[in-house]
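# Structural description and commentary
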Amino acid sequence: MKITQKLLFRLFYVFGVGGSLVVGWGLLYFDKLHYHFAFQYIPGFFAICGFVFCAILILGAKFLGIWLVRPVDYYAKRRKG
Amino acid sequence: MEAWIHPGVVIMLGAFLLPFLGPRKAKQTYLVLLPVTGLLLLLLTSSGFFGAIPAYPGALHKWRLPFLHYTLELGRIDKLSMIFAYVYVVIGIAMLIFAIREKNDWEHVAALIHIGSSVSAIFARGLFSYIFFVEIATWSAVFLIWFRGTQTSKASGFRYFFWHVVAGGFLLAGSVMHVQTTGSIDLDLMPWGWGWAYAAYYFMMIGFLIDAGSFPVHAWLPDAYSTGGVTSVLYVTAFSTKTGIYGLVRCFPGVELLMWIGVITAVFALFLAVLENDARRLCGYHIISQDGYMICGVGIGTYLGILGSVSHIICHIIYSCLLLMGASTVLSVTGTCKFTNTGGLYKYMRISFWLYLIGGFSISGVPLFNGFVSKSMTIEAAELIHQPLVYLLLEGATVGTFLHTAIKLPWNLWFQGRDEPPADIKVKLKARGDNTPVNMLIAMCIPAFLCVFMGVYPYYPFYAMLPYPVEFVPYTTTRVFSITQMFVFTFLAAWYLRTLIRGTPTYTLDSDWLGRIPGQALVWFCREPFMAFGARLDKYMSEAAGLVIAAIRNPAVALKMTPPAIGAGVTIVLILFSLLTAFWIRGP
């Protein structure tokens, strides 16, 4: 079987995404997970964390970029001007 | 002076011999043998050859030099200084191998001085000795940045110098005030509180935080690290900030303010990293973010917090060296490390990609790599002191780190969905084999091995070398499962938003804007209006001086006695004389 990007992503969705959710549910059900805070026991908490934090970071940075992103020669131009 | 051979001083002084060794091979051999000698000296020290090292916080005291009313101690040998010194020297060896083909002897001299002075700063017990060696490290770092040889690197090297002189100034001011108050010159636990009585410690902390690259005084770091020499800046990236954090570990453990500064630093840097187009700048922001973890651990101040901070520093020096080596190999081979100009390099630089990825996984904290066994300590310390916000922000920073170093950077440098690199880069590459020079690959293998070894088996020698006994167990079902699930879904989010994390040919402003723009305005003011005013004043003064000189020589010429002027003058004199005569005749 040829390893293509499509196959790799299918494996990722099945074993990575699906697998981690199933394993997570199982570990919680059989009381194998021990956390310090109550919110960590929410099923799929770390999945939500990973997805939401990543999205906040990317979208938040793009929002900040409205003010912060400048041309490459920003300082050089101002120095010459 | 008791018997001990100081490895830092040996490396520093030995650096000056390098240019005088004749053949190139002799220089290259010496370049590696000198820090290896330093490593052997450290091994002898650990083995008890110079005396047994007591349990921390006890120390062996060597190289005690009387100076004025004080005793300077240049050899405080305890578990904390030893673990720092070991990692400095080992990574120094890797970096020197990485740079071994550089023909500029003075780059190697500056590198050896930088390594030696950083090691010496770690072993210094006194505040002034520490500052002395840190200033030597700063001076050598400026040259290492300047060795890139571009206008940009000259400017950023000067800005690096400026920032670190300011940091040194704050540190010195605080130290002088502390010594005046307490009489102690030791780099040890400092008092902390709020009020004028603690002003000395505010100054010292500001100095350490600038050196550590903490928010908001961090902007010098990506500026310098991205513009420095291809191989020469690596030394600066490894040692400069960690020596600053070492000072925080010694002096301010448990100061809660540091916990919040650390956590803000850890998160803030990642937002700017999203917008970055330059691989070395991106690595620079991640160094800042990881420094935030370390500062946070110092601020937490519990045994686990300090252990987490120190272990994170040690692991960080190793994997950040690997990350920057990876970016530097691309820069060295292709001439660029900007995401808009690269991609499609996997076929041509396969080995450096996989070695880089070890660093990327390590910094992210993927299980089986050394970042996992150190970062999880700091996060656990935040959980144990019941700080959910700190915990969540540190986890958020973990997500961001994985996003950039394990996904964005390797994707943009080596892939970008293309099989071939841009044409202007492809002409520089040979079609077969790995294009990365062999010495660079060998050098990358050293930190890569350490990342995996320490990650798989952290207990010996890594955990055993930490200052306090380690009861922490990193590999638990809870921890491994949670972080793995988090990374899986981070990758999912990154994949959906992948178009937003591509490089764009732009520059991202940072907090140094607040200094650079007023600074440029001040320079413009001095160069234009102020100089124009000065020139005008000069001109007026010259004219006045000229008039005085002419009057002294010949009043007639000075007064410009032309016929109309003479006529006017005589008329005025006659009028005045007539008026005076009339008043005199008429009377009061």
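These notes cover the structure that comes with them.

Reading guide: rules and limits
- Residues numbered from 1 in each chain as written.
- Chains lettered and ligands numbered in written order.
- Predicted model: local features only at pLDDT ≥ 70, side-chain atom pairs only at ≥ 80, totals over all residues.
- Heavy atoms only, no water.
- Buried < 20%, exposed > 50% of the residue type's maximum accessible area, 1.4 Å probe, protein only.
- Helix = DSSP H or I, 4+ residues; strand = E, 2+ residues; numbered from the N terminus.
- Pairing = 2+ DSSP bridges.
- Contact = heavy atoms within 4.5 Å.
- Salt bridge = Lys/Arg side-chain N within 4 Å of Asp/Glu carboxyl O.
- Polar contact = N/O pair within 3.5 Å; in protein donor to acceptor, adjacent residues only side chain to side chain.
- Core = buried A, V, L, I, M, F, W, Y, C linked by side-chain atoms within 4.5 Å.
- Expected span 1.5 Å × (residues − 1).

## Things to note about the pairing of strand S2 (residues 70-77) of chain B
All names here are of chain B.
- Counting buried positions along S2 gives six out of eight residues, so the element sits mostly inside the fold.
- Of the pairings in the sheet, the one linking strand S1 (residues 60-67) to S2 comprises seven bridges and is antiparallel in character. Paired with Arg 64 across the two strands is Glu 73, which belongs to S2.
- Turn length for the S1-S2 hairpin, with the two strands adjacent in sequence and antiparallel, is two residues, and the turn residue Leu 68 shows positive phi of about 55 degrees.

## Some words on the interface of chain B and chain A
- On the side of chain A, 48 residues touch chain B, which itself brings 48 residues to the contact.
- Summed over the shared surface of chain B and chain A, the result is zero salt bridges.
- If you look at where chain B meets chain A, you find 12 residue pairs in polar contact (both at pLDDT 80 or more).
- Elements that contribute at least two residues to the side of chain B that touches chain A include exactly helix H10 (256-274), helix H14 (370-384), helix H15 (388-415), helix H19 (477-496), strand S3 (507-508) and helix H20 (513-527) of chain B.
- Top element by residues in the side of chain B that touches chain A is H19 of chain B. It accounts for 15 residues.
- Judged from the two bridges that link them, strand S1 (residues 69-70) of chain A and S3 of chain B form a sheet pairing that is antiparallel. What sits directly across from Val 69 of chain A, in S3 of chain B, is Thr 508 of chain B.

## What about the nonpolar core?
All names here are of chain B.
- Core analysis: the largest hydrophobic core is formed by 206 residues, its most contacted members being Phe 84, Tyr 130 and Phe 252.
- Element by element, the count of residues in this core is highest for helix H12 (residues 303-334), at 19 residues.
- If sequence neighbours within four positions are ignored, Phe 84 has contacts with Ile 122, Lys 242, Tyr 246, Val 310, Ile 313 and Ile 314.

## Thoughts on helix H9 (residues 233-251) of chain B
- Taking 1.5 Å per residue as the helical rise, H9 of chain B with its 19 residues ought to reach 27 Å, and the 28 Å between its terminal C-alpha atoms agrees with that figure.
- Here H9 of chain B lies mainly inside the structure; 19 of its 19 residues are buried.

## Concerning the pattern of salt bridges
Residues and elements named next belong to chain B.
- In the structure shown here, the tally under the stated rule is 14 salt bridges over all chains.
- The partner of Arg 159 in a salt bridge is Asp 223, and the shortest N-O contact between them spans 2.7 Å. With Arg 159 in helix H6 (residues 151-182) and Asp 223 in helix H8 (residues 220-227), this pair connects stretches of sequence that are 64 residues apart. Across this residue pair, the class does not change: Arg 159 and Asp 223 are buried.
- One salt bridge in this structure joins Lys 338 and Asp 278, with 3.1 Å as the shortest N-O distance. You can see Lys 338 sitting in the loop between H12 and helix H13 (350-364) and its partner Asp 278 sitting in the loop between H10 and helix H11 (279-300), a full 60 residues away along the chain.
- Judged by relative accessible area, which is 33%, Lys 338 ranks as partly exposed.
- Through salt bridges with shared partners, a single network forms among Arg 64, Glu 73, Arg 125 and Asp 186.

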